[in-house]
Amino acid sequence: MGCDGGTIPKRHELVKGPKKIEKVDKNAELAAKWKYCALSQEKLRRPIVSCELGRLYNKDAIIEYLLDKSAERPNAEAVAHIRGIKDIKELNLTDNPEWEGERRNTKGDRYEDIHCGMFICPVVGLEMNGKHRFCYLQTCGCVFSDRALKEVKTEICHKCGDPFKDEDIVVLNGNKEEVDKLREKMEEKRAKAKTKKSKKSKATETVSASESKDGTVSPPNDIAGTSLQQNGGDSSQSAVAGPSGSSSSSKATKSSSASATKRSIQDMNEKSEAFKSLFTTHSSAKRTKDQTSNWVTHTPYHF
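Every value quoted in this text rests on a predicted model; they were computed, and no experiment measured them. Going along each chain's sequence as written, the residues are numbered from 1 onward. Two thresholds apply to this predicted model, a pLDDT of at least 70 for residue-level local features and 80 or more for giving and counting side-chain atom pairs, whereas whole-chain, interface and lining totals are computed over all residues. Side-chain metrics in this entry use all non-hydrogen atoms of the structure; hydrogen atoms and water are not considered.

Colleague: How should the sheet that holds strand β8 (residues 169-171) be read in this particular structure?
Modeller: Remark on secondary structure: sheet strands pair via backbone hydrogen bonds, oriented parallel or antiparallel. What the 3 strands build is an open sheet, ordered β7-β6-β8; its pairing is antiparallel. Only two strands of the sheet have a single neighbouring strand rather than two, namely β7 (143-145) and β8. The sheet shows a mean angle of 35° between the axes of neighbouring strands, taken without regard to direction. Where strand β6 (residues 134-137) lies against β8, 3 bridges are found, and the strand directions are antiparallel. Its bridge partner being in β8, C135 is matched across the sheet by V171. Only strands joined by at least two bridges in the DSSP assignment are considered to pair. A run of H or I in DSSP counts as a helix once it spans at least four residues, and a run of E counts as a strand once it spans at least two, with each numbered from the N terminus. Axis lines are fitted through C-alpha atoms, for helices just across the contact stretch, and the angle between N-to-C directions can take any value from 0 to 180 degrees.

Colleague: I keep staring at the nonpolar core and nothing clicks. Help me out?
Modeller: Taken as a class, soluble globular proteins show a tendency for nonpolar side chains to be buried jointly. Only buried residues count toward a nonpolar core. Its members are Ala, Val, Leu, Ile, Met, Phe, Trp, Tyr and Cys residues joined through side-chain atoms within 4.5 Å. When accessible area is computed with a 1.4 Å probe and restricted to protein chains, residues below 20% of their type maximum are described as buried, those above 50% as exposed, and intermediate ones as partly exposed. Formed by 39 residues in total, the largest nonpolar core has its most connected members in L39, Y57, I62, M128, F134, V143 and L172. Counting residues per element, the ones that place at least two in this core are β1 (48-50), β2 (56-58), α3 (59-67), β6, β7, α4 (146-151) and β8. In terms of residue count, β6 provides more of this core than any other element does, 4 residues in total. Setting aside chain neighbours within four positions, we find I62 in contact with L39, V49, Y57, V79, I82 and I88. Only heavy atoms enter the contact rule, under which two residues are in contact if any of them lie within 4.5 Å.

Colleague: Explanation requested: the pattern of salt bridges in the structure shown.
Modeller: Where charged atoms from two side chains of opposite charge come close, those side chains can pair. Salt bridge, as used here, is a side-chain nitrogen of Lys or Arg placed within 4 Å of a carboxyl oxygen of Asp or Glu. Counted by the stated rule, this structure contains 9 salt bridges. Of the charged contacts in the structure, one is a salt bridge between E52 and R190, with a shortest N-O distance of 3.7 Å. Taken together, the residues span a long stretch of sequence, with E52 in the loop between β1 and β2 and R190 in helix α5 (residues 176-215) at a distance of 138 residues. Here K150 makes a salt bridge to D146, at a shortest N to O gap of 3.2 Å. With a gap of 4 residues between them, K150 and D146 both fall in helix α4, about one helical turn apart. Given the relative accessible area of 55%, K150 is considered exposed. Residues joined in a network through salt bridges with shared partners are E52, R83, D87 and R190.

Colleague: Teacher, can you tell me more about a nonpolar patch on the surface here?
Modeller: Where nonpolar side chains cluster on the molecular surface, the patch consists of I63, L67 and I85 and spans about 310 Å² of accessible area. Within the secondary structure, I85 sits in the loop between α3 and β3 (89-90). Grouping into patches uses exposed residues only, defined as over 30% relative accessible area, and leaves out salt-bridged ones; the cut-off is 9 Å for like charges and 5 Å for nonpolar side chains (Val, Leu, Ile, Met, Phe, Trp, Tyr). The accessible surface values rely on the Shrake-Rupley method and a 1.4 Å probe; as for residues, cover is taken only from the protein chains in view.

Okay, structure coming up:
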């Protein structure tokens, strides 16, 4: 067998047993969910958005996906339910004062807390690192810990004051059961919106059809009636003329009334001669041919 030099092989070196199941590091799993984008796998940076299933994304990555859905991406399944920008909500997060980010010491000469989160709950102060359950409100996008929502029960947001309901609460990075519940809730919501939209479209179609039917008969009668009221006995002319005849007749009546009301100042007997002489229509303002010169002058009274 070889074994020169007095080596003694052990049993585990000679007999190969079953392979051990590789376990996922929990710290690495939590960091991947709470510190990295679920689509691009890049570090989370503001603005941060979340979908109706509670996953965290960078807004830039979602916009790039919506602009070009045909491009190949490693985690395209995570955003298959996102149809447009309305399916995501920008989160209103509270920064953690203890988070140093890239400013921290990278020399390795001090202890670095892996569980230190970038954001905290504004009510209780818990860090958003995966150790505690966090939720966000679909109405305003504010993020709180589940403990804060249970301890301080209210129907108004603790941060911005907007009202919300229990249906508006979405769990961030929940377990499989919570994600399934959120998916069912999302599908029900979309089905209701679809039926409501179809009912609205049918109602608008019926209204437009009724308006088109009424519009073929009613406008001539209305025009004829108005023309009868305006012109007195000229009913036959307004009925034949239609809308163009009615508009021309109204213009004629306006011009005749304007000409009747317009009167020259020189014909007004109640005005004095001194007042009438102020205007160019007075006889003193007009010159005879002998008074006019052969060249152009700058006087406004030259005719």
